[in-house]
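Here are the chains, one letter per residue:
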Amino acid sequence: MTKEQDHPNINKNVHPPIVALIFIVIAYFLGRFVPLPFVAPMALRNIGLFMTFVGFLLGVGAFVEFRKAHTTLDPHGSAKQLVTSGIYRFTRNPIYLGFLLMVIGLPLNSGLYWGIVMAPFYMIMMTRLVVEREEMYLEKKFKNAYTSYMSRVRRWL
């Protein structure tokens, strides 16, 4: 793999945190202008807050593992090492899973169900724009180590 090709083929304009933020903003926008006829009870709002917190912790766990491995968190960058420890033993995409929990949890904490509605669209978009491209890159770069990892650990959960 040449230096010029040693990165996933992800559009430079696609930044996963921004994609998640866009979906959160859309959920709030829809909640404001297309309110659903359901009221979220306080217990459900608290679950939304908890989901947001867990989503944040997934990102922190991923960050710690990447730092230990001395490799990049940048989805546009070159991976120096395959990370399979820590939170990566349970999900291949803990950062994107954390963002998913935030896409659901932040609006839910505000009493809006639109995050739940937006979640499948977020997952489809992230899978198509980022995850599949990262997987192709990692499989090409790390070969059997990555295919073995893929067979043991699920993409999302």
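Scroll up to find the structure.
Not measured: the values here are computed from a predicted model.

Digging into the overall build of the protein chain
Turning to step 1, where the next piece is worked out: The secondary structure content of the protein chain amounts to 4 helices and 0 strands.
Turning to step 2, where the next piece is worked out: Secondary structure of the protein chain in N-to-C order comes out as α-α-α-α.
Turning to step 3, where the next piece is worked out: Taken over the C-alpha atoms alone, the protein chain extends approximately 55 × 30 × 25 Å along its principal axes.
Turning to step 4, where the next piece is worked out: Within the protein chain, the proportion of its 157 residues that are buried is 44%.
Turning to step 5, where the next piece is worked out: In the protein chain, 78% of the contacts between residues at least 6 apart in sequence involve partners at least 24 apart.

Notes on the nonpolar core
Turning to step 1, where the next piece is worked out: Core analysis: the biggest nonpolar cluster contains 43 residues, and Tyr88, Tyr96, Phe99, Val103, Tyr122 and Met126 have the highest contact counts within it.
Turning to step 2, where the next piece is worked out: Secondary-structure elements contributing two or more residues to this core are α1 (16–33), α2 (42–69), α3 (94–109) and α4 (114–152).
Turning to step 3, where the next piece is worked out: Here this core gets 12 residues from one element, more than from any other, and that element is α4.

Thoughts on the pattern of salt bridges
Two side chains with opposite charge may pair up if their charged atoms get near one another.
Turning to step 1, where the next piece is worked out: Overall, the coordinates contain 5 salt bridges when judged by the stated rule.
Turning to step 2, where the next piece is worked out: Ionic pairing is found between Asp6 and Lys141, a salt bridge with its closest N-O pair at 2.9 Å. Of this pair, Asp6 sits in the segment before α1 while Lys141 is found in helix α4, placing the two residues 135 residues apart along the sequence.
Turning to step 3, where the next piece is worked out: Judged by its relative accessible area of 26%, Lys141 falls in the partly exposed class.
Turning to step 4, where the next piece is worked out: Of the charged contacts in the structure, one is a salt bridge between Glu132 and Arg128, with a shortest N-O distance of 3.9 Å. Placement of both Glu132 and Arg128 in helix α4 is noted, with a separation of 4 residues, approximately one turn of the helix.
Turning to step 5, where the next piece is worked out: Looking at Arg128, the relative accessible area reads 52%, which means it is exposed.
Turning to step 6, where the next piece is worked out: Each of the salt bridges in this network shares a partner with another, and the network as a whole consists of Arg92, Glu135 and Arg155.

Observations concerning the packing of α2 against α3
Turning to step 1, where the next piece is worked out: At a minimum axis separation of 7 Å, α2 and α3 run at an interaxial angle of 160°. In terms of their interaxial angle, α2 and α3 are classed as roughly antiparallel. Judged by the twist between their axes, the crossing of α2 over α3 is left-handed. Of the residues in α3, those touching α2 at Leu44, Arg45, Gly48, Leu49, Met51, Thr52, Val54, Gly55, Phe56, Leu58, Gly59 and Ala62 are Pro94, Ile95, Leu97, Gly98, Leu101, Met102, Ile104, Gly105, Leu106, Leu108 and Asn109.

A look at a nonpolar patch on the surface
Turning to step 1, where the next piece is worked out: On the surface, a cluster of nonpolar side chains totalling about 600 Å² of accessible area is made up of Phe53, Phe56, Leu57, Val60, Phe63, Val64 and Leu73.
Turning to step 2, where the next piece is worked out: Turning to its location among the elements, Phe56 is positioned in helix α2.

Quick look at the packing of aromatic side chains
Any aromatic ring pair is given by two values, namely how distant the centres are and how the planes are angled relative to each other.
Turning to step 1, where the next piece is worked out: What the rule picks out here adds up to 5 aromatic pairs.
Turning to step 2, where the next piece is worked out: On the basis of an interplanar angle of 50° and a centroid distance of 4.7 Å, the ring pair of Phe29 and Phe33 is categorised as tilted. Pair noted here: Phe29 and Phe33 are both in helix α1, with a separation of 4 residues, about one helical turn.
Turning to step 3, where the next piece is worked out: Given the relative accessible area of 55%, Phe33 is considered exposed.

The rules behind these values
Residues numbered from 1 in each chain as written. Predicted model: local features only at pLDDT ≥ 70, side-chain atom pairs only at ≥ 80, totals over all residues. Heavy atoms only, no water. Helix = DSSP H or I, 4+ residues; strand = E, 2+ residues; numbered from the N terminus. Buried < 20%, exposed > 50% of the residue type's maximum accessible area, 1.4 Å probe, protein only. Contact = heavy atoms within 4.5 Å. Core = buried A, V, L, I, M, F, W, Y, C linked by side-chain atoms within 4.5 Å. Salt bridge = Lys/Arg side-chain N within 4 Å of Asp/Glu carboxyl O. Axes fitted to C-alpha atoms, helices over the stretch in contact; angles between N-to-C directions. Parallel < 35°, antiparallel > 145°, perpendicular 65-115°, else oblique. Left-handed = near helix turned anticlockwise from the far one by under 90°. Patch = residues over 30% accessible without salt bridge, like charges linked within 9 Å, V, L, I, M, F, W, Y side chains within 5 Å. Areas by Shrake-Rupley, 256 points an atom, 1.4 Å probe, with all protein chains shown as cover. Phe/Tyr/Trp six-rings, centres within 6.5 Å; stacked < 30°, edge-to-face > 60°.

The quantities given are spatial measurements derived from coordinates; they are silent on function.
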